[in-house]
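For reference, the chains in residue letters:
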Amino acid sequence: MSQALFCLGVLVLCAAVRKFPLLYGLALNLGMFCVGAGLSSWKASQVGCPWPSGKRVYTAVVTDYPRERARSWLLKLQITGAADARECVGQTVWLYVPSDTLLDSLEPGRVIAFRGRVEAPDNEGIEDGFDYAGYLRRNGVAGTLWVPSADWTVADMPVPDRLSWRSRRIRHLLLGFYEEWPFTPAARALVSAVTLGSKDLIDDETRLSFSASGASHVLAVSGLHVGIIYAVLGFLFPPFMNVGRRKWVKESLVMAALWAYAYMIGMPLSITRSLIMFLIISFCRCCGRESSSLNSLALAAILILAADPAGLYETGFQLSFSAVFFIVLLQPHINELLNPENRIVRYFWDIVTVSLAAQIGTAPIVLYSFGTFSTYFLVTNMVAMPLMFLTVLFSMLLWMVAPVPLLRLGVVHVLNLLCSILQKALAGITSLPHSVLNVSVDSLLPVVTAYVVILLLYGYVASRRSRFAVAAVGVLSAQTLLGAILVVKSVASLPLFS
C-alpha cells in the first residue's frame, strides 16, 4: 500500500513539473524506478512457501523437457497438488532424478507424482561465493529435491495446454530433424544454437573456445539473426510492395513471420529485444518517420522488465542491452575516424567499429561477472561475423529446401564446412599467447565508475565541452583515492602491523 501511494505521489509530481524539462525528466525516471522496484518486490514475494519438514506426496506438471546433468536428470515442475501444503500449489521446483531413468515420454504438459522432501534454495555447499539461492529465486524456483526412480511416476491426468508448452514442443520437433540429417556433432550443436536457441549440445571445449576468443555472443539468437531473416524475407517481396498501403501489408507479414519464429524457439531474451526494436522501426518506416534507436531500446527494456522484473539481474540481459546501447551511442563517432571508399574495406571497418563499441559497453560487466577479457576480440569478430552470417543464411536455405533430399544434403554439407572452419579459426585465436586476461573485479563500484567515465568521455566527444573531461578525470581520481585507502586499510589490518 505504501509503495502504491509513493508511486502515485511520483506521478502527481511528474504532472506538476511537466513544464520544466529537467525536473520532468528526473521525476519521470524516479517514477519508472519506483514502478520497477514495486514490480520486482511483488514478483519476489510470489516465490517461496513453507515447505513441510518431512517427505510428502506431490503432483506437478512438467514445464520443460528434461535437462541432462552429470549424474542426474533435471525436471522443471510446477506444483499442482500437495498433501498438507496447499499454499505451495503453483510454486516452481527443480526435481533431480537418477541419470539411468527413462524419460522418453516426458514433455511439457505431462503430470507426474512424486514423494520427497522439498527444500527451499540455500547456498550450502557452494564454495565459489556464487549466490545460488538468489539465482534460483530470481528464476522463480521455490524449492529443489532429489528422488530415486522408485519415488516418482507419470500420472495420467489432463492439464489445460499452454502456449509456452506448445512452443517448447515445436522447438523439440525441429531439433529432432537436425538429429536425422547428416550433420557432424559439432555442426549440429552450433546450428541448433544459432537457429533454435538450444545450447544443450555444445560441449565444454567448444564453449571454452568461444568464450576465450570473445565469440560467445554469436551463439545467441540475437539482432544479427533477426536482421538477416528480416532482410531475406523483405527481399522475397516484389518492389511494388514497398509503396503506399502495400508497404503496411509487407511489413506486417514480415514481422508476423519473425514473431512466429521467435515463438517457435521459445522467445529468448536477445531475440525479444531485437524484435521489439524492429517492430518500432518497421512501424516508423511505414509511417514515413524516423525512429530513435535509443528510444526503441528503452521501450524494449521496459516491456521485458515489466513482464519479468527479475530479468534485470541476468547477465544475458545486461550484456545484450549494454552492447546495443553503446553500439548506438559510440559506433557513429568511432566510424568517423576513417572513411574507406572500398566496399570490402568498408565492410570490415564496420565490423571493427561495432566490435569496439560493443566491447567498450560490455567490458565492465564481463570483468565483474566472469573475470576474463578476450584480447583478440577484433580478430575474432572479423572472422566470426562473416562466417556466422553465412551459417544463418544457409540455415534458412536448409529449411526452404528440406523437402528435396538432394538439395538438403548439399546445404547440410556446406553448413558442416562453415562450422568446421569457424571452430578451427576460433581454436587458433584461443591458442595465441595472452589471448585471455584474467582480471578480478569483486565490487560493483569499479563497474559503476567505469560506465560513468565512459558516458562523461562520450559527452566530451559529442559536445566538445571540457567540463565533461574534467568530470571524468575527477571520477577516476576519486576511485583511485578510494582504492588506495582500502589497500592501506587492508595492509594495516595484517597481523604484522597489529
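Worth saying up front: this structure is predicted, and the values here are computed from it rather than measured. (Residues numbered from 1 in each chain as written. Predicted model: local features only at pLDDT ≥ 70, side-chain atom pairs only at ≥ 80, totals over all residues. Heavy atoms only, no water.)

Asker: Honestly, the environment of tyrosine 261 in this entry has me stumped. Any pointers?
Answerer: Relative to the elements of secondary structure, tyrosine 261 occurs in helix α8 (residues 245-264). For tyrosine 261, a relative accessible area of 15% corresponds to the buried category. Counting along the chain gives 90 residues from tyrosine 261 to arginine 171, while the straight-line C-alpha distance between them is 10.0 Å. Those residues within four positions of tyrosine 261 in sequence are excluded, and the remaining contacts are Val194, Thr195, Val221, Ile229 and Ile271. (Helix = DSSP H or I, 4+ residues; strand = E, 2+ residues; numbered from the N terminus. Buried < 20%, exposed > 50% of the residue type's maximum accessible area, 1.4 Å probe, protein only. Contact = heavy atoms within 4.5 Å.)

Asker: Whenever I open this one, the state of the cysteines confuses me. Can you help?
Answerer: By definition, a disulfide is the covalent link that joins the sulfur atoms of two cysteine residues. Counting across every chain of the model gives one disulfide. Here cysteine 49 is linked by a disulfide to cysteine 88, with a sulfur-sulfur distance of 2.1 Å. Residues cysteine 49 and cysteine 88 are joined by a disulfide whose S-S torsion is about 110°; by sign, that bridge is right-handed. Of this pair, cysteine 49 sits in the loop between α2 (21-45) and β1 (56-62) while cysteine 88 sits in the loop between β3 (72-82) and β4 (92-98), placing them 39 residues apart in sequence. Take cysteine 49 and cysteine 88: they sit in the same class, and that class is buried. (Disulfide = S-S within 2.5 Å.)

Asker: I'm lost on the pattern of salt bridges in this one. Help?
Answerer: Any two side chains of opposite charge can pair, on the condition that their charged atoms come close. Following the criterion strictly, the structure yields five salt bridges and no others. Here aspartate 64 makes a salt bridge to arginine 168, at a shortest N to O gap of 3.6 Å. Highlighted residues: aspartate 64 in the loop between β1 and β2 (67-68) and arginine 168 in helix α4 (residues 163-180), separated in sequence by 104 residues. Its salt-bridge partner being aspartate 350, residue arginine 346 comes within 3.5 Å of it at the nearest N-O pair. Linking arginine 346 with aspartate 350, this pair stays in helix α12 (residues 343-370), spanning four residues, or about one helical turn. Several salt bridges share partner residues, and in doing so they unite Asp64, Arg67, Arg168 and Asp200 into one network. (Salt bridge = Lys/Arg side-chain N within 4 Å of Asp/Glu carboxyl O.)

Asker: Mind showing me how you'd approach unusual backbone geometry here?
Answerer: With the exception of glycine, the majority of residues adopt a negative phi angle, and the majority of peptide bonds are in the trans configuration. At arginine 464, a position not held by glycine, the phi torsion is positive, near 60°. As for its placement among the helices and strands, arginine 464 is situated in the loop between α15 (444-463) and α16 (466-492). Under the relative-accessibility criterion, arginine 464 is labelled exposed at 61%.

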